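Report on the structure
This is what each chain is made of:
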Amino acid sequence: MQRVKEKAIELLRSGEVSRVLGWKTGEFFYDLTPAVFESVEEVEKGFVFSLFSGANLSKYLIAESKKEGKIAVFLKPCDSFSFVQLQKEHRIKRENIYAVGIQCDGMCDGESLRSAGCEGMTGVEDGESLTVHTLYGDQVIEKKEALLGKCQTCKSKRIVDFDELIGQQGEDVPSDRFAEVAKLEAMTPEERFAFWRTELSRCIRCNACRNVCPACSCEKCVFDNPVSGVQNKAVADSFEENMFHIIRAFHVTARCTDCGECSRVCPQNIPLHLLNRKFIKDINELYGDYQAGADFDSRPPLMDFRMDDPEPSVIYTRGGAAK
Amino acid sequence: MQVNKEWTPTIVAFCCNWCSYAGADLSGTNRLQYPANVKIIRIPCSCRLNPMFILRAFQRGADGVILCGCHPGDCHYTTGNYYARRRMTLLFSMLEYLGIERERTRVEWVSAAEGAKFAATMNDFVKTVTALGENKRLEDLRCKE
């Protein structure tokens, strides 16, 4: 973990880059936030790479890579998928970026530690299992219990694009990330409707999911249109909660790399990744396996077609969802 | 206010300018009957249909939305309906996933020569939606009279 900080200092000192995109401490040791560091002193003071560096930094490159000078960025395997996807969409200037890949064993967050029963946390020691220092003494918990939702169903340890690597290059790992989607599909429409009403009615339209999403990077968003009537919760009703989330998921269809940031940042803990995964699962089943950001040359499924694609009526007859 | 009137569904039909819209015209000149609940909106190509249009239609009181376009391979713009097909398949699947009745949305390919098919499709769709009843799951109460 220390090697990452050393790398940041080394890159700045050598003049290879003029800025470093990384994580800095927040109010607590477990709420790290993305930050740009412009000097060695700043890095020494504030840069942190720890178990809580879950944030995906690739979206910040859209703005940062257009500025003067080179910027170094640290990318975990799942972040590198977003990084490649953004390059495919010509949203970032690759020549202004020095990408350092970091291998990752899964990230944790304060909330999952708290729900695992830790109160008044003052620090965490990584290891086989986690030793959590609290005001009331040390607690040992399994790392599996404290992992972020997105890390529990990790799809790949492969860093798709990088200039330099810290740690080992990994491979795609088998994951049962569609299990939850399949479980929902097996329900009756009434149960599914009730499930999504319970989830989506908690939405406070804070737009955190949109702002954090590397795929949601339009310069002008449809939801910023003041006449659309969907911009705040005060005037909203159930329709808008549905509408916002359907359209948001649709806009990132086939571009969503399933990085899981939307669910991570949601202050209301709405499982937003389940919407995106539904689209990914459908695309895999109907149009062949596709992983956004996994390579540079594949065609995105919604910008492509085959003569013998299934008709839309296929969803009436398909097993599972359409029983 | 509709107090004593029997409820009838409102159907929005998005029709491609080059085939289905002409197909609807043909069914009219042939004096084929289909229910007056069907409100046709002309679009330049089935591919023009933004998923937002479908949701908006439901919001403003539609009980069913149908998209009619050229048969695959016959698109005026060569490939538009192939893209529309993929998009609509995914969108309908998502609506189904959210528990919204899948019968309320449909895609049908109707050519300019298929006036009879247009009328039959609309009759059938209106019957299906009437059986389903009012659209409650994707309604916007502020848009209700």
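The paragraphs below set out a description of the structure included in this document. (Residues numbered from 1 in each chain as written. Chains lettered and ligands numbered in written order. Predicted model: local features only at pLDDT ≥ 70, side-chain atom pairs only at ≥ 80, totals over all residues. Heavy atoms only, no water.)

1. Quick look at the overall build of chain A
Just so we agree on the cut-off: Segments assigned H or I by DSSP are reported as helices when at least four residues long, segments assigned E as strands when at least two residues long, and all are numbered from the N terminus. The globule rule is 2.2 Å times the number of residues to the power 0.38, and the radius of gyration it is compared with is taken over C-alpha atoms. We call a residue buried when its accessible area falls under 20% of the maximum for its residue type, exposed when it is over 50%, and partly exposed in between, using a 1.4 Å probe and counting protein chains only. For the area figures, the Shrake-Rupley method with a 1.4 Å probe applies, and any residue is considered shielded solely by the protein chains shown. By the counting rule applied here, Lys and Arg register as positive and Asp and Glu as negative, while His and the ends of each chain are not counted. All charge positions are set by atom: Lys at NZ, Arg at CZ, Asp at CG, Glu at CD.
Per the secondary structure count, chain A includes 14 helices and eight strands. For chain A, the C-alpha radius of gyration of 21 Å lies close to 20 Å, the compact-globule estimate for 323 residues. Each principal axis of the C-alpha atoms in chain A carries an extent, and together these give about 60 × 50 × 45 Å. For chain A, the proportion of its 323 residues judged to be buried stands at 55%. Carbon together with sulfur atoms contributes 52% to the accessible area of chain A, which is approximately 14,600 Å² in total. Side-chain charges of chain A comprise 42 positive and 51 negative groups, with the mean position of each set lying 3 Å from the other.

2. As for the overall build of chain B
How we decide: What makes two residues a contact is simply this: any of their non-hydrogen atoms within 4.5 Å.
Assigned secondary structure in chain B consists of four helices and four strands. Starting at the N terminus and ending at the C terminus, chain B contains elements arranged as β-α-β-α-β-α-β-α. On C-alpha atoms alone, chain B measures out to a radius of gyration of 15 Å, which is about the 15 Å that the 2.2 N^0.38 rule sets for 145 residues. Principal axes of the C-alpha set define a box for chain B whose edges measure 45 × 35 × 20 Å. Sequence separation of at least 24 residues holds for 81% of the intrachain contacts in chain B that already meet a minimum separation of 6. Accessible surface, chain B: about 6,500 Å² in total, of which carbon and sulfur atoms supply 50%.

3. Focus on the pairing of strand β2 (residues 38-43) of chain B
Residues and elements named next belong to chain B. Here is the rule we go by: For two strands to be treated as a pair, DSSP must find at least two bridges joining them. By the criterion used throughout, a crossover qualifies as right-handed when its path from the first strand across the helix to the second strand runs clockwise, the strands pointing away from the viewer.
Strand direction decides the pairing type here: strand β1 (residues 11-16) and β2, joined by six bridges, are parallel. The partner of C16 across the bridge, within β2, is I43. The handedness of the β1 to β2 crossover, carried by helix α1 (residues 20-29), is right-handed.

4. Quick notes on the pattern of salt bridges
Residue and element names in this part refer to chain A. Note the following rule: Only one rule defines a salt bridge in this text: a Lys or Arg side-chain nitrogen within 4 Å of an Asp or Glu carboxyl oxygen.
Tallying each qualifying case throughout the model produces 34 salt bridges over all chains. In this structure, the salt-bridge partner of E164 is K7, at a minimum N-O distance of 2.7 Å. With E164 in strand β8 (residues 164-166) and K7 in helix α1 (residues 2-14), this residue pair connects regions lying 157 residues apart in the sequence. With its nearest N and O atoms 3.0 Å apart, the salt bridge here joins E64 to K67. Residue E64 is classed as buried on the basis of its relative accessible area of 11%. Judged by its relative accessible area of 42%, K67 falls in the partly exposed class.

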